[in-house]
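# Structural characterization, general
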Amino acid sequence: MPTSPKFSAITALDQLLDRLGVGAARRRQLDMVRGELDRALERGALPVGARRSLRRLLEEEALGPYVRLAESGALRHRRVEGGFPPTSEATNEIRHKCVDLLREALGLPALHLGGGEVPLQPAPEAATLSGLARQLDEYLAGPMSPAQTRLTAVLALELDTAARSGELVELRTTDLGEDNAAVYVERRPQGGGTVEGEWVETSVLTRAALERWLDVRKDLVQRAHGTSRLWVSLWMNHDGVLDDDGHTTIRPPGMPLEENGLVTSYRVGRLRYEGLRRLLPLKMEALRRAVDAERQRTAA
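Here the structure is a predicted model, which means the values were calculated and not measured.

Take the side chain of Thr152 next. One can find Thr152 in helix α7 (residues 146-161). Sequence-distant contacts of Thr152, defined by excluding residues within four places in its chain, comprise Leu136, Tyr139, Leu140, Met144 and Ala209.

Printed below as a string of structure tokens:
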């Protein structure tokens, strides 16, 4: 995020975002909208008054052209396969929700720009979750690549905690109890609200998976000069932000894994590793909902 925004409305928006107190996932979505609004102003695509006033920026007169431009892909901050394609239906719906959230925070009524909720992906049944645990146990009985080791630990921990992807990436090694017998998870509601932490007892499967991953992680982190984050990158990558010369910062292996990296590893691993495609839903969130439902059922 820019340290000194060019437009007064964006400065006011930054202040509003800092006060909202939403969860990490929702804040990333709001930051996406913030960046798009800033680029729309930069292009001169919105009314002049929207540059100086956050209220004017969030009025329908400005939001109408903003949403149309954003959905066309013209406000993307980087190219996708060499171009700027239209954004997906799911991204569009997220954008609409964020716009309404910002308006409501400013005391304005919601516009309800979306065309309805995006249907939830089907969640796995309890028997499928048991099958997933057995498959992960089979992995632990043999050799695994670093990527498979990390994913096995992530999935095992997810089966215990039903944590959101944004909650998982925030975990640190200091959140693990003695002998990995428990993990401290900070629950961050996606729509905002009070952050609540809890210790969750881990299964034998998860303890073994974490032990394997921590051995891999130790060497990676030493090369990157250390971090306490539990999940770290396996390969050299970049931060995705281009400077004025079109260059980006190269990040070595062992750097903290971001949420999009965690979700990507889930998506790739589901297709790459034997047995996972039939056990894992397309989206990690669907797995979380299934685990959460099962936890609630067994606790009842």
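Next up on the list: the confidence of the model for the chain. Per-chain confidence: the chain averages 87 in pLDDT, with 88% of residues scoring 70 or above. When mean pLDDT is taken per element in the chain, α7 scores highest with 97 and strand β3 (residues 237-238) scores lowest with 56. In the predicted structure, residues 239-243 sits below a pLDDT of 50 and forms 11 contacts with residues beyond four places in sequence or in another chain.

With that out of the way, let us pick up the nonpolar core. Ranked by internal contacts, the top residues of the largest apolar core, which has 44 residues, are Leu132, Leu155, Leu168 and Trp231. With 8 residues, the single largest contributor to this core is α7. Apart from the residues within four sequence positions on either side, Leu168 is in contact with Val154, Leu157, Glu158, Ala163, Trp231, Leu262 and Met284. Among the nonpolar cores identified, the runner-up in size contains 28 residues, and Ala62, Val67, Cys98 and Val99 belong to it.

We now examine the packing of helix α4 (residues 60-71) against helix α5 (residues 89-105). Two elements in contact, α4 and α5, have axes whose closest approach is 11 Å; the angle formed by their N-to-C orientations is 160 degrees. In terms of axis orientation, α4 runs roughly antiparallel to α5. The two elements α4 and α5 cross, and the hand of that crossing is right-handed. Seen from α4, the contacting residues are Glu60, Leu63, Tyr66, Val67, Ala70 and Glu71; seen from α5, they are Asn92, Arg95, His96, Val99 and Arg103. Residues that form the contact of α4 with α5 fall into these classes: 5 nonpolar, 2 polar and 4 charged.

This part takes up the pattern of salt bridges. A full pass over the atoms with the stated rule returns 14 salt bridges. With a closest N to O distance of 2.8 Å, Asp14 and Arg34 form a salt bridge. Of the two residues, Asp14 sits in helix α1 (residues 8-20) while Arg34 sits in helix α2 (residues 24-42), which places them 20 residues apart along the sequence. This pair shows no difference in class: Asp14 is buried, exactly as Arg34 is. As a salt-bridge pair, Glu294 and Arg297 come within 2.6 Å of each other at their nearest N and O atoms. Residue Glu294 and its partner Arg297 are both found in helix α12 (residues 284-299); the two are separated by 3 residues, about one turn of the helix. Under the relative-accessibility criterion, Glu294 is labelled partly exposed at 21%. Here the residues in one salt-bridge network are Asp14, Arg34 and Asp38, joined through shared partners.

Time to look at the environment of Arg212. Relative to the elements of secondary structure, Arg212 occurs in helix α9 (residues 204-223). Sequence separation between Arg212 and Ala153 is 59 residues; the distance between their C-alpha atoms is 8.1 Å. Residues contacting Arg212, with those up to four places away along its chain left out, are Leu140, Gly142, Pro143, Met144 and Thr149.

Cut-offs used in this document
- Residues numbered from 1 in each chain as written.
- Predicted model: local features only at pLDDT ≥ 70, side-chain atom pairs only at ≥ 80, totals over all residues.
- Heavy atoms only, no water.
- Helix = DSSP H or I, 4+ residues; strand = E, 2+ residues; numbered from the N terminus.
- Contact = heavy atoms within 4.5 Å.
- pLDDT = per-residue confidence, 0-100.
- Core = buried A, V, L, I, M, F, W, Y, C linked by side-chain atoms within 4.5 Å.
- Buried < 20%, exposed > 50% of the residue type's maximum accessible area, 1.4 Å probe, protein only.
- Axes fitted to C-alpha atoms, helices over the stretch in contact; angles between N-to-C directions.
- Parallel < 35°, antiparallel > 145°, perpendicular 65-115°, else oblique.
- Left-handed = near helix turned anticlockwise from the far one by under 90°.
- Nonpolar A, V, L, I, M, F, W, Y, C, P; charged D, E, K, R; others polar.
- Salt bridge = Lys/Arg side-chain N within 4 Å of Asp/Glu carboxyl O.

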